[in-house]
Amino acid sequence: MTRITPSKIAVYTSAGWKEQVYKTILANILDGKTNFGEIMKQLIANPETAKAKTDPKLVQKMMEDILSTPLDARKRRLKLGGFAEATAIQDAASLLSAEINKAQIVVYSEENSSKYDPKSKAKSARPFKPAVYME
């Protein structure tokens, strides 16, 4: 897909506030509420999700992510208390490395100030859609 054989792969998981935004959007969609404007108002009104107002395109992408996910998966995701996406990826890193030319795989949270991110990919990470950088 990338036409390169990577030696290093950085995977970036989304910031904590994005997880809260995702859960709010997911709950709304499962309740049959898909009006973007109404969801944005709800997100902005909540201090935990108010950061969403800085990136409405992110909210739109999350809505698209959720709507493209099968209904049973949506319901499972809503029931998840906290999902440690970084831990799951780290646990699978050796398997992934074996499948990808024994590349070094490193996992960072988007919020990690000391992350290796030469192309600023981390900011595009969304819950259940980590960002990836390969070299």
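Residues numbered from 1 in each chain as written. Predicted model: local features only at pLDDT ≥ 70, side-chain atom pairs only at ≥ 80, totals over all residues. Heavy atoms only, no water.

**Some thoughts on the overall build of the chain**
- The helix and strand inventory of the chain stands at 5 helices and 3 strands.
- Counted from the first residue to the last, the chain has its helices and strands arranged as β-α-α-α-α-α-β-β.
- Considering only C-alpha atoms, the chain reaches an extent of 45 × 30 × 25 Å along its principal axes.
- Burial status across the chain gives 37% buried among its 135 residues.
- By element, 52% of the accessible surface of the chain is carried by carbon and sulfur atoms, the whole surface being about 8200 Å².
- Charged side chains in the chain number 22 positive and 15 negative. The centres of these two groups are separated by 3 Å. (Helix = DSSP H or I, 4+ residues; strand = E, 2+ residues; numbered from the N terminus. Buried < 20%, exposed > 50% of the residue type's maximum accessible area, 1.4 Å probe, protein only. Areas by Shrake-Rupley, 256 points an atom, 1.4 Å probe, with all protein chains shown as cover. Lys, Arg positive; Asp, Glu negative; His and termini not counted. Charge placed at Lys NZ, Arg CZ, Asp CG, Glu CD.)

**With respect to the nonpolar core**
- Ranked by size, the top nonpolar core spans 16 residues in total, and within it Val 21, Ile 25, Leu 43, Val 59, Met 62 and Ile 66 carry the most contacts.
- When contributions to this core are tallied by element, the ones reaching two or more residues are helix 1 (16-30), helix 2 (36-45) and helix 3 (56-67).
- Looking at which element gives the most residues to this core, the answer is helix 1, with 6 residues.
- Setting aside residues up to four positions removed in sequence, Val 59 forms contacts with Val 21, Ile 25, Phe 36, Met 40, Leu 43 and Ala 52.
- Counting residues in each nonpolar core, the second largest holds 8 residues, with Tyr 12, Tyr 108, Ala 125 and Ala 131 among its members. (Core = buried A, V, L, I, M, F, W, Y, C linked by side-chain atoms within 4.5 Å. Contact = heavy atoms within 4.5 Å.)

**A closer look at the pairing of strand 3 (residues 131-134)**
- Here strand 3 shows one buried face, formed by Ala 131 and Tyr 133, and one open face, formed by Val 132 and Met 134.
- Pairing analysis gives 4 bridges linking strand 1 (residues 8-13) to strand 3, with the strands arranged antiparallel. What sits directly across from Ile 9, in strand 3, is Met 134. (Pairing = 2+ DSSP bridges.)

**Re the packing of aromatic side chains**
- On inspection of all chains with the given rule, the structure shows 3 aromatic pairs.
- A ring pair is formed by Tyr 12 and Tyr 108, whose centres lie 6.0 Å apart and whose planes are at 20°; its orientation type is stacked. Of the two residues, Tyr 12 is situated in strand 1 and Tyr 108 in strand 2 (residues 104-109); the sequence distance between them amounts to 96 residues.
- Overall, the relative accessible area of 16% leaves Tyr 108 in the buried class.
- Seen from the ring of Phe 128, Arg 77 lies directly overhead, with NZ or CZ sitting 4.0 Å from the centre. (Phe/Tyr/Trp six-rings, centres within 6.5 Å; stacked < 30°, edge-to-face > 60°. Lys NZ or Arg CZ within 6 Å of the ring centre and 35° of its normal.)

**Digging into the pattern of salt bridges**
- Scanning the entire structure with this criterion turns up 4 salt bridges.
- Across the pair Glu 110 and Lys 18 runs a salt bridge whose closest N-O atoms are separated by 3.0 Å. You can see Glu 110 sitting in the loop between strand 2 and strand 3 and its partner Lys 18 sitting in helix 1, a full 92 residues away along the chain.
- Accessibility expressed as a relative area gives 2% for Lys 18, which makes it buried.
- A salt bridge links Glu 38 to Lys 41; its shortest N-O distance comes to 3.7 Å. Highlighted residues: Glu 38 and Lys 41, both in helix 2, separated by 3 residues, approximately one helical turn. (Salt bridge = Lys/Arg side-chain N within 4 Å of Asp/Glu carboxyl O.)

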